[in-house]
Amino acid sequence: MEVVLSDQAKNDIADIYAYILNKLQSKINADAVLTKLYSAMDSLSFMAESYHLYPHEPWYSIGVRYFSIGNYSIFYVVEKDMATVIHVSYGKRDLDKILSDYE
């Protein structure tokens with residue numbers, strides 16, 4: 001299965017990296033988180049349909065799936081032979097609000 005990142009997911013990842021690099025002032029940690037996120041997203045190529053559907057509407061009905069990796073949540077949809085990552089977020093944020101622009 002092909003894994004694709006939406007523009008929003010790319011922006012989310014860039015924001016996470018910039019936050020760790022600039023606010024926490026740790027290039028080592030920023031690089032480690034980036035590596036961990038990309039590795040987790042790559043795993044969708046062979047197990048995308050094994051993760052849970054997001055339990056709240058309207059995202060449940062439209063097939064948004066998610067999983068956590070460390071402190072982050074990865075949201076994606078599966079269509080045919082492609083998993084599209086739609087958001088990557090710090091897991092302790094209001095996830096419904098994060099997803100609100102994907103309706």
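Residue positions are given per chain, counting from 1 as you read along its sequence in written order. Thresholds applied to this predicted model are a pLDDT of at least 70 for local features of residues and 80 or more for the giving and counting of side-chain atom pairs; totals over whole chains, interfaces and linings are not thresholded and use all residues. In computing side-chain properties, one takes all heavy atoms of the structure into account and sets aside hydrogens as well as water.

## Quick word on the sheet that holds strand β5 (residues 82-90)
- The 5 strands are arranged β1-β5-β4-β3-β2 in an open sheet whose pairing can be described as mixed. At either margin of the open sheet sits one strand with a lone partner, and together these are β1 (2-5) and β2 (52-53).
- As judged from the 2 bridges shared by β2 and strand β3 (residues 65-69), these two strands associate in the antiparallel manner. By the bridge assignment, L53 is partnered in β3 with R65.
- Along the sheet, helix α2 (residues 27-42) contacts β1, β3, β4 (72-79) and β5; its crossing angle with β4, the most-contacted strand, is approximately 25 degrees. Pairing between strands requires that DSSP locate at least two bridges from one strand to the other. Under the scheme used here, helices are H or I runs from DSSP no shorter than 4 residues and strands are E runs no shorter than 2 residues, and both carry numbers assigned from the N terminus. Note on definitions: a residue-residue contact is assigned when non-hydrogen atoms from the two residues lie within 4.5 Å. The angle between two axes is taken between their N-to-C directions and runs from 0 to 180 degrees, where each axis is a line fitted to C-alpha atoms and a helix contributes only its stretch in contact.

## Remarks on the side chain of T84
- As for its placement among the helices and strands, T84 is situated in strand β5.
- Discounting chain neighbours no more than four positions away, the residues touching T84 are V4, S6, F75, Y76 and V77.

## Section: the environment of K10
- Residue placement: K10 occurs in helix α1 (residues 7-23).
- Residue K10 is classed as partly exposed on the basis of its relative accessible area, which comes to 44%.
- Separated by 75 residues in sequence, K10 and V85 have C-alpha atoms that sit 9.0 Å apart. Only protein chains enter the accessibility calculation, which uses a 1.4 Å probe; a residue is then buried when its area is under 20% of its type maximum, exposed when over 50%, and partly exposed in between.

## A look at the nonpolar core
- Ranked by internal contacts, the top residues of the largest apolar core, which has 20 residues, are L37, M41, L44, I74, Y76, V85 and V88.
- Mapped onto this core, the elements with two or more residues apiece are α1, α2, β4 and β5.
- With 5 residues, α2 is the single largest residue contributor to this core.
- In this view, L37 contacts I16, I69, Y72, I74 and V88; residues no more than four positions away in its chain are not counted.
- What is meant by a nonpolar core is a set of buried Ala, Val, Leu, Ile, Met, Phe, Trp, Tyr and Cys residues, joined one to another through side-chain atoms within 4.5 Å. Within the second largest apolar cluster, 8 residues are counted, among which are V64, F75, V77 and L95.

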